[in-house]
Structure formats: C-alpha cells, structure tokens
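# A structural walkthrough
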Amino acid sequence: MKSGIESRNFSFSRRSNDVQVIDEFTISIRGRKFTFEELVDPALYSAEQQDQWAVQLQNAAPFPFLAVNSWFNPDFLALIMEEFDLNATKDWREVKSDYVNFRRSVLGDYLGPATELYFTLINSSWFVLLLSKITSIPNLIVDHTRYGGGMHETVNGGYFSVHSDFNRHIQNGLANKMVFITYLTPNWQPEWGGELELWDAQQKTCVNKITPKFGQSLLMINGPKHFHGHPSIWNSPEGIPRRSIANYYYVNEYANFDRSEHYDSVYVLPKRADKIVAYVRPLIPPLLWHTIRKLAGRP
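Let us look at the structure shown here.

Conventions and cut-offs
- Residues numbered from 1 in each chain as written.
- Predicted model: local features only at pLDDT ≥ 70, side-chain atom pairs only at ≥ 80, totals over all residues.
- Heavy atoms only, no water.
- Helix = DSSP H or I, 4+ residues; strand = E, 2+ residues; numbered from the N terminus.
- Expected span 1.5 Å × (residues − 1).
- Buried < 20%, exposed > 50% of the residue type's maximum accessible area, 1.4 Å probe, protein only.
- Arc of directions from axis to C-beta.
- Contact = heavy atoms within 4.5 Å.
- Polar contact = N/O pair within 3.5 Å; in protein donor to acceptor, adjacent residues only side chain to side chain.
- Pairing = 2+ DSSP bridges.
- Axes fitted to C-alpha atoms, helices over the stretch in contact; angles between N-to-C directions.
- 1 Å grid on protein atoms, 1.4 Å probe; cavity = no way out; pocket = protein on both sides within 12 Å on 5 of 7 lines; lining within 4 Å.
- Points joined across faces, edges and corners; volume = space filled by probe spheres on them.
- Nonpolar A, V, L, I, M, F, W, Y, C, P; charged D, E, K, R; others polar.

### Looking at helix 1 (residues 47-58)
For helix 1, which comprises 12 residues, the first-to-last C-alpha distance of 17 Å matches the rise-based estimate of 16 Å (1.5 Å per residue) to within 8%. Within helix 1, the full set of buried residues consists of Gln50, Trp53, Ala54 and Leu57. Looking straight down helix 1, one finds that the buried residues subtend no more than 105° of arc, so they occupy a single side. Packed against the buried residues of helix 1 are strand 4 (65-69), helix 4 (125-135) and strand 13 (216-221).

Right, here's the structure in full:
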C-alpha cells in the first residue's frame, strides 16, 4: 500500500515562506527536505504488520487500543514540535476546571506547515483505510475542522482527570469512533508523570499506561466505558511541557438506509436498454431485483 500523497493535496503550500513544494512528491519545510514516502515508517505499508497491529489492538486491555513507536519520521515530528513554540503567541484556548488543566489550539486555526502536513497525512484516504483495517471499522469519516483535536499542551501543574470522550461531533452529529494521538515530549522521564492511564469499566483501577514520550502514537477506540486520562500532575523541569497532537475519526450510524431506494446517476439521453430497466424496475420486488443484479455481476 502506498500513500499516494502529492503536492496538490496541500492547501497550505502558499501560506508560509517556510514551506516549499519542490515537486509532486517532495516538500521542504524550514530547510528540511522530505519525500512524502519518507514521512512514515515503511512498516505501515506491510500487510503482515497491519495484521499484527490488528490482533494487538483487539487483545488490548482494558479496551481496544494500539500504542506504537516511530510511525512518523522523527525529523518531521521535530518540525511539528517547533511549531508549538512558533504558535506560542497565539490566543489558544485555556481549558481549566476541577477536572482539567491544559491548553489547546483553536478550532480550524492554521497550525504551521509541518503540523498541517501531519493532519493532511493522517486524514488521507490511504491512512484512513489503514486505520479501518487495523480496527475492522469500515467507512471512517474525517473531520477537517479538527473538533476536539489539534495541538494540546500541558505545563507544570496541569492534568486531565479520567474520563470517557465525547460520543458525537457537536456540529454534524457523527459518532466519535476513535482518536489518534502522537506525543511530542522530548526525553520524557517517569518522574515527570503525565502518563495516559487507561482504566477499567468500573472506574476502579488503572489497567494500562501510555507514556507521552516523543514519537509515541496511540490509536484508541471510543466507547462510553473507555475511561482514560492523565490524573497525575505534570511535573517536568521548567520549560518542558507535555505536548501532543490529536485527531478524531467518525462513523455515520444512520447510514443503514433502504438500498432499494438508492438511485444511480440519471442521464438525460439514456440508452434503450436503460429505458427498459427504468420501466420494469418499479415492478420487481427489491429482494428479486438484488438477486438479478448479483447474478448479472452488478453491485
């Protein structure tokens, strides 16, 4: 499986002097050149490895998740980490309550060329199909507004209490099916805290922990009892925040419409055979019609 990502996919290419599209397969960001195939680990193209990840996810406890290292080129991720600092003066949203204390990028804001490239990559058709294969969840839908996602940052004293994620997109009502997170904390140390804790359905104990170290990615299936968070206070040396970039994927749970009412494109000047089909189609019961189409090799 190849990514098929080319320069025409990048709507941000003219928004910054720091990015240059060299040709349809190569890009330069702040002087660092990549071919698009170099952005990800070649293992992502391996069907055998994909099958192993699928088994790993389904066997995970306390709910399906997959934690992996080095899915993305570390030099590419370093550029994204730089853009946290380049965005430091922006008016990000401060999220503070008795349960959370962190900051996040604004919905729909431009985040810098490397970060925008990352989201273009993980929202591309080949990557979404990869996630579908690993999770066995078909017809995933992406959200280019990055609702709930984007850049996340926790400074000293920050935390995120154990919780389950939102179940639906607030604007379009699509069901939140999974989240994909890549952590960007360099040289993470256990005494800093900040591990993402995965709790049991009874909300009694932590079953697994994901470290927020640089280059670690997490694919986590959403569910009403899929409890997670980093309740331990972030306590790193001054100037080293806990950073991550997150993206959600959705499904349309209302898509089970009556296929007998589905119509193909309607042409103004149909062929004679198509006129006959259009005439007899309403006279044939749906089950018989689907059987006829199947025998004819039609979808």
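### A closer look at the side chain of Asn222
By the element assignment, Asn222 lies in the loop between strand 13 and strand 14 (228-230). Asn222 gets classed as buried once you look at its relative accessible area, which sits at 14%. A polar contact is formed between the side chain of Asn222 and the backbone oxygen of Phe166, at a distance of 3.3 Å.

### Notes on the sheet that holds strand 2 (residues 26-29)
Spatially, 3 strands are ordered 1-2-3 in an open sheet, and the strand pairing comes out antiparallel. Both edges of this open sheet fall to strand 1 (19-23) and strand 3 (32-35), since each of them pairs with a single strand only. On average, each strand axis in the sheet is inclined to that of its neighbour by 20°, with strand direction left out of account. Examined bridge by bridge, strand 2 and strand 3 share 4 bridges and lie antiparallel to one another.

### Comments concerning the layout of surface pockets
Taken as a whole, the second largest pocket encloses approximately 630 Å³ of empty space. Together, 31 residues line the second largest pocket, and Arg104, Gly148, His152, Phe160 and Tyr248 are the ones closest to its centre. Going through the elements one at a time, strand 5 (93-96), strand 6 (100-104), strand 8 (150-154), strand 9 (159-163), strand 10 (175-183), strand 14 and strand 15 (242-251) are the ones with two or more residues in the lining of the second largest pocket. It is strand 15 that provides the largest number of residues to the lining of the second largest pocket, a total of 4 residues. Partitioning the lining of the second largest pocket into residue classes produces 14 nonpolar, 11 polar and 6 charged.

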